[in-house]
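# Observations on the model geometry
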Amino acid sequence: KESYCEENIDSMESLCNTITGDAPLYTMFRKDGQLVKCPFRGPHSFSYSKGDSGQVCKYPASFMDTCSDNKRLQLRYQACLDVEGSEIATEEMACLATWKEGSSRYFVSMLNHSHVYTDETRYRCFVYQRQHSNELGRVTYKMAQSLYASCLGLWNVNEGHKTFTMTKLESDKDKCVFPHFMHNHHDWHSVDGLISLHVNKRGHSLRLRNHTRLASVYEAADSGYLESHATCHRVESGGLNSPMTRIVAHVKAGCDSGYVCLVFFSQDKHVIQMRYGDKST
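Residues numbered from 1 in each chain as written. Predicted model: local features only at pLDDT ≥ 70, side-chain atom pairs only at ≥ 80, totals over all residues. Heavy atoms only, no water.

## Considering the overall build of the protein
Of regular secondary structure, the protein possesses two helices and 15 strands. Within the protein, the proportion of its 281 residues that are buried is 38%. Taken as a whole, the protein presents about 16800 Å² of accessible surface, with 50% of it coming from carbon and sulfur. (Helix = DSSP H or I, 4+ residues; strand = E, 2+ residues; numbered from the N terminus. Buried < 20%, exposed > 50% of the residue type's maximum accessible area, 1.4 Å probe, protein only. Areas by Shrake-Rupley, 256 points an atom, 1.4 Å probe, with all protein chains shown as cover.)

Here it is as structure tokens:
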């Protein structure tokens, strides 16, 4: 906050006392500040609305996921036929700060999309609040976005330039594990040495690395990431002792994420085969 410009003052204290309680707040962002962990983890589906239209774009659902470093978010907006202003777009957010005021929580992000040209359009403030679980038992959040590069006027999650309702996409991670024959070894390598994967101890996820500079279905072609992380989402077929298992996995490489179908075959204690389908969101 700041006072009016005064020429004749008795003291600095008296000048500061002229600042009224409802004086406007200025929001300042450190441009070279280090990123922080984003407040959301894992994939979410979301609906959104713009401005005061009151129209909510629910179907098809939009998709949000954290990037590999958990310091950036990627939002993939879908367009709804009956909602004016909705559009297909991809937006990336870099998380700069988080804090709490009362029951509401705030975070500031730096946006990166096709319409960002200046700092005024790059920085945005968000208020969010965790809601009670929905009928499916999934965690939901309500969130609102500021119109300008300021947190002023962002009082609640129901009013803002954009408002969001986000639902965590939970996997059956307690039951979903990669096939038992992959646990004979934690590390596997292709015959040509170009691909390797590491299965974690609990068997819920694996890390796949491409040792070439070629983009694969697990990489964002322009991201430079050569390593991806696959988490077991759902076992489609194949029992505990089956030599073949088909799994739907959530795969993430940098900010590029989605779901793929993976099929594993056990040939021998030390030999397995793996097939994968195209990535889908």
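## Quick look at unusual backbone geometry
Going from Tyr59 to Pro60, the amide bond is cis rather than trans, its omega being 0°. Mapping Pro60 onto the fold places it in strand β2 (residues 57–66). Located in the positive-phi region is Asn70, a residue other than glycine, with phi close to 60°. Owing to a relative accessible area of 12%, Asn70 belongs among the buried residues under this scheme.

## Describing the side chain of Glu91
Tracing the sequence through the fold places Glu91 in strand β4 (residues 89–101). Notably, Glu91 is buried but unbridged: the nearest opposite-charge side chain belongs to Lys162, and the N-O separation is 4.1 Å. Polar contacts involving the side chain of Glu91 include one to the side chain of Tyr77, which spans 3.4 Å. Look past the residues within four positions of Glu91 in its chain and what remains in contact with it is Leu73, Gln74, Leu75, Tyr77, Leu111, Asn112, His113 and Lys162. (Lys, Arg positive; Asp, Glu negative; His and termini not counted. Salt bridge = Lys/Arg side-chain N within 4 Å of Asp/Glu carboxyl O. Polar contact = N/O pair within 3.5 Å; in protein donor to acceptor, adjacent residues only side chain to side chain. Contact = heavy atoms within 4.5 Å.)

## Re the state of the cysteines
On inspection of all chains with the given rule, the structure shows five disulfides. Bridging Cys57 to Cys80, the disulfide has an S-S length of 2.0 Å. Handedness here is read from the sign of the S-S torsion; for Cys57 and Cys80, about 85°, the answer is right-handed. In this pair, Cys57 sits in strand β2 while Cys80 sits in the loop between β3 (72–77) and β4, placing the two residues 23 residues apart along the sequence. Disulfides within the protein link the bonded cysteines, taken in sequence order, as 1-5, 2-4, 3-10, 6-7, 8-9. (Disulfide = S-S within 2.5 Å.)

## Quick look at the nonpolar core
Among the nonpolar cores identified, the biggest contains 23 residues, and Phe40, Phe46, Leu73, Leu75, Met143, Phe164 and Met166 are the most heavily contacted of them. Of all the secondary-structure elements, those providing two or more residues to this core are β1 (44–50), β2, β3, β4, β5 (104–112), β6 (123–131), β7 (140–145) and β8 (162–168). A per-element tally of this core places β3 first, with three residues. Aside from chain neighbours lying at most four places away, what touches Phe164 is Phe46, Ser47, Tyr48, Leu75, Tyr77, Phe126, Tyr141, Lys142, Met143 and Gln145. Phe181, Leu197, Ala249 and Val260 belong to the second-largest nonpolar core, a separate cluster that totals 18 residues. (Core = buried A, V, L, I, M, F, W, Y, C linked by side-chain atoms within 4.5 Å.)

## Digging into the sheet that holds β1
Taken in spatial order, the eight strands close into a barrel running β1-β2-β3-β4-β5-β6-β7-β8, and their pairing is antiparallel. Between one strand axis and the next, the sheet turns through 35° on average, direction left out of account. Here β1 runs beside β2; their pairing, made up of four bridges, is antiparallel. Following the sheet pairing, Phe46 is matched in β2 by Ser62. (Pairing = 2+ DSSP bridges. Axes fitted to C-alpha atoms, helices over the stretch in contact; angles between N-to-C directions.)

## Considering the pairing of strand β10 (residues 195–199)
As defined by bridge partners, strand β9 (residues 187–189) adjoins β10 across three bridges and the pair is classed as antiparallel. Across the sheet, the residue bridging to Trp188 is Leu197, located in β10. Turn length for the β9-β10 hairpin, with the two strands adjacent in sequence and antiparallel, is five residues, and the turn residue Gly193 shows positive phi of about 80°. In terms of strand pairing, β10 meets strand β11 (residues 205–210) through five bridges, oriented antiparallel. Considered in β11, the bridge of Ile195 is made with Asn210. The hairpin turn running from β10 into β11, its antiparallel successor, is five residues long, and Gly203 in that turn takes a positive phi close to 80°.

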